[in-house]
Amino acid sequence: DMRVGVAICEDAWHDDVSETLAESGADILLVPNGSPYCRGKFDVRMNHMVARVIETGLPLVYVNMVGGQDDQVFDGGSFVLNPSGRLALQLAVFEEQIAHVNFIRTAEGWRAQDGGKAIPPDPLEQDYRAMVLALRDYMRKARFAKALLGLSGGIDSAIVAVIAADAL
């Protein structure tokens, strides 16, 4: 008996979409997303979604894609917010994960029960994991089993070799 309002991708970045879903009777907001990684993007996403839950008074489930696709890499980091903007669940970045979220109906409406809260790695670690994930997915999707690297012995060659080793 829960009505789910779906704001696809960047629709959730605009207040009028979420407000319309709330006015139409949504009990929670679901945001399926393919938001590509760039440094600092997680904080931007979180700020927009906190604004949506505060404006609407509804909990929000943000489900972000994980993996490489063409020239993009998606970092995952899906999360659940309660209407106060309080984080109820945070999944790890750069990892495919499945999580179960329980919602309880209260006098104020539906609320997500607390779950795990992964701590995102620092920005340089995130950059590195984005490169590893992008290469791994590219190689897998292209059905390449091996890679050939030209190494000069410099620091750039060394980091390329480490990324390839971790990816493959």
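The notes below deal with the structure included here.

What counts and how
Residues numbered from 1 in each chain as written. Predicted model: local features only at pLDDT ≥ 70, side-chain atom pairs only at ≥ 80, totals over all residues. Heavy atoms only, no water. Helix = DSSP H or I, 4+ residues; strand = E, 2+ residues; numbered from the N terminus. Contact = heavy atoms within 4.5 Å. Areas by Shrake-Rupley, 256 points an atom, 1.4 Å probe, with all protein chains shown as cover. Lys, Arg positive; Asp, Glu negative; His and termini not counted. Charge placed at Lys NZ, Arg CZ, Asp CG, Glu CD. Pairing = 2+ DSSP bridges. Core = buried A, V, L, I, M, F, W, Y, C linked by side-chain atoms within 4.5 Å. Buried < 20%, exposed > 50% of the residue type's maximum accessible area, 1.4 Å probe, protein only.

1. Details of the overall build of the chain
- Along its length, the chain carries four helices and nine strands.
- Helices (α) and strands (β) of the chain occur, in sequence order from the N terminus, as β-α-β-α-β-β-β-β-β-β-β-α-α.
- Counting only C-alpha atoms, the chain reaches 65 × 25 × 25 Å along its principal axes.
- Excluding contacts between residues fewer than 6 apart, the proportion of contacts in the chain whose partners are at least 24 apart in sequence is 62%.
- For the chain, the exposed area adds up to about 9,600 Å²; of that, 56% sits on carbon and sulfur atoms.
- Each charge sign in the chain was given a centre, from 15 positive and 23 negative side chains, and these centres are 6 Å apart.

2. Focus: the pairing of strand β5 (residues 72–75)
- Where strand β4 (residues 66–69) meets β5, four bridges bridge the pair, whose relative direction is antiparallel. Each bridged residue has a counterpart across the sheet, and for Val66 the counterpart in β5 is Asp75.
- Where β4 hands over to β5, the hairpin turn is made up of two residues, of which Asp70 adopts a positive phi near 55°.

3. Details of the nonpolar core
- Val31, Met49, Leu60, Tyr62, Phe79 and Leu81 are the most contacted members of the largest nonpolar core, which totals 16 residues.
- Breaking this core down by element, the ones donating at least two residues are β2 (28–33), α2 (41–56), β3 (60–64) and β6 (79–81).
- Among the elements that take part in this core, α2 stands out by supplying four residues, more than any other.
- Here Leu81 is in contact with Met46, Met49, Val50, Val53, Pro59, Leu60, Arg86, Leu87 and Ala88, once residues within four sequence places are set aside.

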